[in-house]
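# Remarks on the overall topology
Each chain, letter by letter, is given below.
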Amino acid sequence: MKALRYTAYGEHPVVEEIPEPVPGPGEVLVRVAGAALNPLDVKIGAGHVRDHFPITFPSVVGTDLAGTVERTGPGVTGLHPGDPVIGRTDPVAGGAVAGYAAVPVANLATAPASVPLHLAAALATAAATAWQAVAEVAGVKSGQTVLVHGGAGGVGGFAVQLARKAGARVITTVSPAGAGIATKLGAAQVIDYTTTDFRAEAGQVDVVIDPVGGDLEAASLDVLRPGGLLVSLNTPPDAGRAADRGVRAEFVFHRTDAGRLAKVAGEGLEIVVDRTVPLARAAEAYRHLAGGHAKGKVIVQP
């Protein structure tokens, strides 16, 4: 089968022919219909997160996939050949951007019928991370005002939708190219971060969802109401600095959870796709994502 593989830290991955994986105990062999690339894949390949996610070269890129069960390994029950599934592999193991992938059954959920199967791969990390931030950590509820940074991006776009579904008024920061996307997803107010300091227009909010980090973390504290919450998805925030301002700051470290993934799959979320490319052009898709200009998800189809 073909697969996109890392060959060394700091080098762009390449498409190669490799043997089809064999599912071990508790694993399922999935015939991949689509794999979604994530910023984490780029960080792993660059070696920026090697302390947390060390890989052994060569290593197949990607964690997020959707497809059909090809066969099951020893001890697997509840899934059968032909079942449509979505799932996420361990970041160290990778394996998603390939014709087939061996995935622990505990990391799989039934794919939603509301979207084409190959696009459902987009839900595995981005939508599940947004769910963790909006529903589990922030507990967003009706009547609140939520600011989502990067509301046209992979995680941000799902966070806008989930906060809106919870009944919140959603404000988001985007570039001009993402304004229409964010509005379509349910943002009531869109702020162009390339020309405007969001603090001048956002007013006071109850929750900030921040997938970006950096200088945005400190600036976001300025718009939180007393007792408000900053949820950081990039790096652990400065909780002490937040406490000094009378607000809270928490970090979301996403972990695969089949139960959470099943909930996300049932939400009927709209998937914003930047581009879909064949596996033969997966290296090109990886370079596009690494350039930081993707609006929505980058999907690879074997």
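A few points on the structure. (Residues numbered from 1 in each chain as written. Predicted model: local features only at pLDDT ≥ 70, side-chain atom pairs only at ≥ 80, totals over all residues. Heavy atoms only, no water.)

## Digging into the pattern of salt bridges
Using the following cut-off: What counts as a salt bridge is simple: a side-chain nitrogen of Lys or Arg found within 4 Å of a carboxyl oxygen of Asp or Glu. By the criteria applied, helices consist of DSSP H or I runs no shorter than four residues and strands consist of E runs no shorter than two, each listed in order from the N terminus. Relative accessibility under 20% of the residue-type maximum defines a buried residue, over 50% an exposed one, and the middle range a partly exposed one, all with a 1.4 Å probe and only protein chains included.
Following the criterion strictly, the structure yields 14 salt bridges and no others. Notably, a salt bridge pairs R71 with E20, separated by 3.5 Å at the nearest N-O pair. Of the two residues, R71 is situated in strand β5 (residues 64–72) and E20 in the loop between β2 (14–17) and β3 (27–37); the sequence distance between them amounts to 51 residues. Accessibility expressed as a relative area gives 35% for E20, which makes it partly exposed. What you see here is one network of salt bridges that share partners, running through D197, R199, D222 and R245.

## Topic: the sheet that holds strand β11 (residues 189–192)
Sheet strands pair via backbone hydrogen bonds, and the direction of the pair is either parallel or antiparallel. What counts is decided by this rule: Should DSSP find at least two bridges between two strands, the strands are taken to pair. For helices, the fitted axis covers only the stretch in contact; all axes are lines through C-alpha atoms, and the angles between them, taken along N-to-C directions, range from 0 to 180 degrees. Residues are treated as being in contact if the distance between any of their heavy atoms lies within 4.5 Å.
Read from one edge to the other, the open sheet built from 6 strands follows the order β11-β10-β9-β12-β13-β14, with strand pairing classed as parallel. Of all strands in the sheet, those bounded by a partner on one side alone are β11 and β14 (248–251). Each strand of the sheet is rotated relative to its neighbour by a mean of 15 degrees, with strand direction disregarded. Alignment of strand β9 (residues 145–149) against strand β10 (residues 169–174), held across 5 bridges, turns out to be parallel. Bridge pairing in β10 links L147 to I171. On top of the sheet, helix α3 (residues 154–165) reaches β9, β10 and β12 (205–210); it is set at about 170 degrees to β9, its chief contact.

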